[in-house]
Amino acid sequence: MSAQMNLIYWSSLTGIIACLAAGLGAIPVHFVKNNSKMLRSFSSAFASGMMISAAVFSLAEEGISLRTKFPLAPYEVVLGLLLGAAFFLVDLTFR
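Since the model is a prediction, treat every value here as computed from it, not as a measurement.

Novice: Help me out: how do you make sense of the overall build of the protein chain in this one?
Specialist: Per the secondary structure count, the protein chain includes 3 helices and 0 strands. Ordered by position in the sequence, the α and β elements of the protein chain form the string α-α-α. Since a compact globule built from 95 residues should have a radius of gyration of about 12 Å, the 18 Å found for the protein chain marks it as more spread out than a globular shape. Viewed in the frame of its principal axes, the protein chain has a C-alpha envelope of about 50 × 40 × 20 Å. Sorting the 95 residues of the protein chain into buried and exposed places 5% on the buried side.

Okay, here's the thing in structure tokens:
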């Protein structure tokens, strides 16, 4: 198997596993009878904490490590994180 096909295979496989995990994680929502704001707030906070930690501790580190091939990579990563934070700030401001 060529290197490009190997990359496509593993990218597809991990993408499918991620989709299945997200779907399985959403199933318990259908069984919750109490639709309280407290439960919704806790769930949103937990999910956002997981995504922030994944972005900062895994994806950002990987992007910054590309600085040998792409000298502007660290700046692009920081800019992306700041733009994402600005998006959430604007969303919360106009909600």
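Novice: I'm lost on the packing of aromatic side chains in this one. Help?
Specialist: Where two aromatic rings form a pair, the distance of their centres and the angle of their planes describe that pair. Across all of its chains, the model carries 3 aromatic pairs by this definition. With a centroid separation of 5.1 Å and an interplanar angle of 75 degrees, the aromatic rings of Tyr9 and Trp10 are classed as edge-to-face. According to the relative accessible area criterion, Tyr9 is partly exposed, its value standing at 42%. For the ring pair Phe42 and Phe46, a centre distance of 6.4 Å and an interplane angle of 20 degrees mean the geometry is stacked. On the criterion of helical spacing, the pair formed by Phe42 and Phe46 is a turn pair, its members being 4 residues apart in helix H2 (residues 37-64). Residue Phe42 shares its accessibility class with Phe46, and that shared class is exposed.

Novice: Help me understand helix H3 (residues 73-93), please; the structure alone is not making it clear to me.
Specialist: Think of an α-helix as turning once every 3.6 residues; residues three or four places apart then point the same way. With 21 residues, H3 extends 30 Å from end C-alpha to end C-alpha; this agrees with the ideal 30 Å at 1.5 Å per step. Here H3 has its buried residues at Ala73, Pro74 and Val77. Mapping the buried residues of H3 onto a view down its axis gives an arc of 125 degrees, with all of them on the same face. Facing away from the buried side of H3 by more than 90 degrees, the exposed set consists of Tyr75, Glu76, Leu82, Leu83, Leu89 and Thr93.

Novice: Could you clarify how one ought to interpret the packing of H2 against H3 in this entry?
Specialist: To characterise two packed helices, one gives the angle between the axes of the helices and the distance between these axes. Where H2 meets H3, the closest approach of the two axes is 7 Å, and the angle between their N-to-C directions is 150 degrees. The angle between H2 and H3 falls in the class roughly antiparallel. On H3, the residues touching Ala60, Gly63 and Ile64 of H2 are Ala73, Pro74, Val77 and Leu81. When its residues are assigned to classes, the contact of H2 with H3 shows 6 nonpolar, 1 polar and no charged.

Novice: Is there a simple way to think about the confidence of the model for the protein chain in this case?
Specialist: The predicted coordinates ought not to be read in detail in places where the model reports low pLDDT. For the protein chain, mean pLDDT is 83; residues scoring 70 or higher make up 95% of the total. Per-element mean pLDDT across the protein chain ranges from 81 in H2 up to 88 in H3.

Novice: Hey, could you run me through a nonpolar patch on the surface in this one?
Specialist: A surface patch of nonpolar side chains, about 400 Å² in accessible area, is lined by Ile52, Val56, Phe57 and Leu81. In terms of residues, the nonpolar patch owes the most to one element, H2, which gives 3 residues. With respect to the helices and strands, Val56 occurs in helix H2. On the accessibility criterion, Val56 (38% relative accessible area) is partly exposed.

Rules and cut-offs
Residues numbered from 1 in each chain as written. Predicted model: local features only at pLDDT ≥ 70, side-chain atom pairs only at ≥ 80, totals over all residues. Heavy atoms only, no water. Helix = DSSP H or I, 4+ residues; strand = E, 2+ residues; numbered from the N terminus. Rg over C-alpha atoms; globule rule 2.2 N^0.38 Å. Buried < 20%, exposed > 50% of the residue type's maximum accessible area, 1.4 Å probe, protein only. Phe/Tyr/Trp six-rings, centres within 6.5 Å; stacked < 30°, edge-to-face > 60°. Expected span 1.5 Å × (residues − 1). Arc of directions from axis to C-beta. Axes fitted to C-alpha atoms, helices over the stretch in contact; angles between N-to-C directions. Parallel < 35°, antiparallel > 145°, perpendicular 65-115°, else oblique. Contact = heavy atoms within 4.5 Å. Nonpolar A, V, L, I, M, F, W, Y, C, P; charged D, E, K, R; others polar. pLDDT = per-residue confidence, 0-100. Patch = residues over 30% accessible without salt bridge, like charges linked within 9 Å, V, L, I, M, F, W, Y side chains within 5 Å. Areas by Shrake-Rupley, 256 points an atom, 1.4 Å probe, with all protein chains shown as cover. Salt bridge = Lys/Arg side-chain N within 4 Å of Asp/Glu carboxyl O.

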